[in-house]
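The lines below spell out each chain.
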Amino acid sequence: MSFAKAQELIRLADMASARHGGVSLEDIVAEFSVSHRTAQRMTDALEATFANVTTTDDAGRKRRWRITRPREVPLMLRPETAIEALDFAAREAGTEGRLRHARALSDLREGLLARLSRREAARTEADAEAVLSALAEVTRPGPRVSIRPEILDTITEALRGPFQLRVRYKSEDAPERVLEPHGVLLGHRTYLVARDPAKGDLIRTFRLDQILSAEVLDESFAMDPAFSMERFAAQSFGVWQDPAQFGSVVWRFASRAAERAAGFRFHPSQRLEWQDDGSLIVRFEAAGWLEMAWHLYQWGDTVEVLEPEGLRALVEGHRRADFGSMP
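Residues numbered from 1 in each chain as written. Predicted model: local features only at pLDDT ≥ 70, side-chain atom pairs only at ≥ 80, totals over all residues. Heavy atoms only, no water.

When you look at the pairing of strand β10 (residues 271–274) in this model, what are you seeing that I'm missing?
Consecutive side chains of a regular strand alternate in pointing toward one face of the sheet and then the other. Sheet analysis places β10 next to strand β11 (residues 280–286), joined by four bridges and oriented antiparallel. The partner of leucine 272 across the bridge, within β11, is valine 282. Taking the residues between adjacent antiparallel strands as the criterion, β10 and β11 are bridged by five residues, where glycine 278 takes a positive phi near 90°. (Pairing = 2+ DSSP bridges. Helix = DSSP H or I, 4+ residues; strand = E, 2+ residues; numbered from the N terminus.)

Structure representation (C-alpha cells):
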C-alpha cells in the first residue's frame, strides 16, 4: 500500500469512528472523489486492517461501516496485518533511499509490538514473517539510479516548511541555485519538482542523482496554490516532463493482445475503446515519447501508434514479430 493510500485509509477509519451512524459507500465516493468500485475496495481494506469494524444496514437498506472503540483505544489494528504492512513499507523505503521513513516505520512497528502481550507479539511476528518471506519485489532489469539518502532527507525537511533549498546541481563548478521545492517524483529516476525563482515561475524537474549538495535555508516561501503533484505527474507517461510533447496519445492493440492490454493502467487519464474486429484503442494525454517507446517495444508488432506522429516515427521499424510473449 502506498503512503497516500495509507493516509486515505486512516482518514476513512477516523470518519467511520467519528460518525455515529458510520459511513456508506456514497459517503466515501463524495468525500474522497472516487468511483463506487474504489469505495468498495476501501471498505474491504478497512475491514481487513481494523479489528473493530462493524457493518449495519439502515432503514433504506444502505450498508454502513462503523468503528466501535473504547475511548482509550483509538484504532484497533489487526496486529499481524499492521506488522506486515510496516515491514514491507520499511523495506521499500530503504530500497528507495528514504532512510528517515524506513526508521520511522521500524519505530512504529516496535511500538505496536510493545503494546501486545509477549505471547501475542511472538505469534504476530511469526505470522508476519511467514507472509513477508513469501513476498518478493520484481526488480526491473537495467541500472537503477542511486540516490544519496542525505540529499533526500534534506529535501523532505525543506518540504515540511516549506523552506527554500540551496543546491549545487550537476557540477561542482556550477553556481549554487536557490529552489522552492514543491514535491518529489519517485520512479526509475527520481526528480525534485521545484520552482527556480531566478528563472521565473515555471515548475521544473531536477534529477536527484545530479544534486551534489543540498541545504535547507531558514527562508519560507508560498507554494503555488494552483499546483498539484498528482496533476503534474500525470502530464508524463513516466517521470520525464517535456511540455512540448504533451498532447493526445492513441495506441491500437491487435486482437491477440487486446485482453492483455486492457489489464494495464498505462496512464491515469486513459480511455479504452473496443473495436468490432476485437482490437483495442487506448487514448490518454501525456508527454515523454522516449519512455513510451521503451514500453511499446515490449509489445512487438501487437501495438500500433496512431498518435502522435512524432512517437509513431520514433517506433517505426522497431516493431518485432518474434517475441515469445507480451508484457
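Any chance you could explain the nonpolar core here in plain terms?
Buried together is how nonpolar side chains tend to be arranged in soluble globular proteins. Among the nonpolar cores identified, the biggest contains 20 residues, and Trp251, Phe253, Phe266, Phe284, Met292 and Leu311 are the most heavily contacted of them. Looking at this core, the elements with two or more residues in it are β9 (247–253), α9 (255–262), β11, α10 (289–297), β12 (303–307) and α11 (309–315). Per-element tally for this core: the top contributor is β11, with four residues. Judged by nonpolar contacts, the second largest core, of 16 residues, contains Leu12, Met15, Val23 and Met42. (Core = buried A, V, L, I, M, F, W, Y, C linked by side-chain atoms within 4.5 Å. Buried < 20%, exposed > 50% of the residue type's maximum accessible area, 1.4 Å probe, protein only.)

Which parts of the structure should I look at to understand the domain arrangement of the protein chain?
Accessible area lost upon the coming together of the parts serves often as the stated size of an interface. With domains assigned, the protein chain is organised as domain 1 (1–67), domain 2 (79–134), domain 3 (149–234) and domain 4 (243–315). Of note, the centres of domain 2 and domain 4, computed from C-alpha atoms alone, are 39 Å apart. (Domains from an automatic or database assignment.)

Can you help me understand a positive patch on the surface in this one?
A surface patch of positive charge is lined by Lys5, Arg37, Arg41 and Arg265. Mapping lysine 5 onto the fold places it in helix α1 (residues 3–18). (Patch = residues over 30% accessible without salt bridge, like charges linked within 9 Å, V, L, I, M, F, W, Y side chains within 5 Å. Areas by Shrake-Rupley, 256 points an atom, 1.4 Å probe, with all protein chains shown as cover. Salt bridge = Lys/Arg side-chain N within 4 Å of Asp/Glu carboxyl O. Lys, Arg positive; Asp, Glu negative; His and termini not counted. Charge placed at Lys NZ, Arg CZ, Asp CG, Glu CD.)

Can you walk me through the sheet that holds strand β3 (residues 63–67) in this structure?
Within a sheet, neighbouring strands are paired by backbone hydrogen bonds and run either parallel or antiparallel to one another. The sheet built from three strands is open, its strands ordered β1-β3-β2 with antiparallel pairing. Edge positions in the sheet fall to β1 (23–24) and β2 (53–57), since each of these pairs with one other strand and no more. One ladder, built from five bridges, connects β2 with β3; its direction is antiparallel. The residue of β3 that forms the bridge with threonine 56 is arginine 64. On the sheet, helix α3 (residues 36–49) packs against β2 and β3 and is oriented at approximately 35° with respect to β3. (Contact = heavy atoms within 4.5 Å. Axes fitted to C-alpha atoms, helices over the stretch in contact; angles between N-to-C directions.)

How should I be thinking about the UniProt feature "domain: WCX" (unreviewed entry) in the protein chain in this particular structure?
Under the present numbering, the feature "domain: WCX" (unreviewed entry) in UniProt falls on residues 249–315. This span, residues 249–315, is 36% helix and 31% strand, and a straight line between its end C-alpha atoms measures 14 Å. (UniProt positions renumbered as here; feature names shortened; annotations may be inferred.)

I would appreciate a short explanation of the sheet that holds strand β7 (residues 203–207) in the present structure.
Spatially, β7-β6-β5-β4-β8 is the arrangement adopted by the five strands of the open sheet, whose pairing is antiparallel. Looking at which strands have only one partner, the edges of the open sheet turn out to be β7 and β8 (211–220). Across the sheet, the axes of successive neighbouring strands diverge by a mean angle of 45°, strand direction being ignored. By the bridge criterion, five bridges tie strand β5 (residues 177–185) to strand β6 (residues 191–195) in an arrangement that is antiparallel. Residue pairing in the sheet places valine 184 in a bridge with leucine 192 of β6. Seen against the sheet, helix α7 (residues 149–160) touches β4 (163–169), β5, β6 and β8 and runs at an angle of roughly 20° to β8.

Please explain the environment of alanine 321 as it appears in this structure.
Topologically, alanine 321 is positioned in the segment after α11. Residue alanine 321 is classed as exposed on the basis of its relative accessible area of 63%. Separated by 22 residues in the primary sequence, alanine 321 and tryptophan 299 have C-alpha atoms spaced 9.1 Å apart.

Is there a simple way to explain the packing of helix α4 (residues 79–95) against helix α5 (residues 99–114) in this structure?
Between α4 and α5, whose axes approach to 8 Å, the crossing angle comes to 160°. Here α4 is positioned roughly antiparallel relative to α5, judged by the angle of their axes. In terms of crossing hand, the pair formed by α4 and α5 is left-handed. Facing Pro79, Ala82, Ile83, Leu86, Asp87, Ala89, Ala90, Ala93 and Gly94 of α4, the residues of α5 in contact are Leu99, His101, Ala102, Leu105, Ser106, Leu108, Arg109, Leu112 and Leu113. Along the lines of polarity and charge, the residues of the contact of α4 with α5 split into 13 nonpolar, three polar and two charged. (Parallel < 35°, antiparallel > 145°, perpendicular 65-115°, else oblique. Left-handed = near helix turned anticlockwise from the far one by under 90°. Nonpolar A, V, L, I, M, F, W, Y, C, P; charged D, E, K, R; others polar.)

What exactly am I supposed to notice about the packing of aromatic side chains here?
Aromatic rings considered in pairs are described by the distance between their centres and by the relative angle of their planes. Counting across every chain of the model gives 13 aromatic pairs. With a centroid separation of 4.9 Å and an interplanar angle of 70°, the aromatic rings of phenylalanine 253 and tryptophan 299 are classed as edge-to-face. Remark: tryptophan 299 occurs in the loop between α10 and β12 and phenylalanine 253 occurs in strand β9; sequence separation between them is 46 residues. Exposure class is identical for phenylalanine 253 and tryptophan 299. Each is buried. Here the aromatic rings of phenylalanine 264 and tryptophan 299 are separated by 5.3 Å at their centres, their planes lie at 70°, and the arrangement is edge-to-face. On the criterion of sequence distance, the pair formed by phenylalanine 264 in the loop between α9 and β10 and tryptophan 299 in the loop between α10 and β12 is long-range, its members being 35 residues apart. Take phenylalanine 264: its relative accessible area is 27%, and that puts it in the partly exposed class. Given the relative accessible area of 2%, tryptophan 299 is considered buried. (Phe/Tyr/Trp six-rings, centres within 6.5 Å; stacked < 30°, edge-to-face > 60°.)

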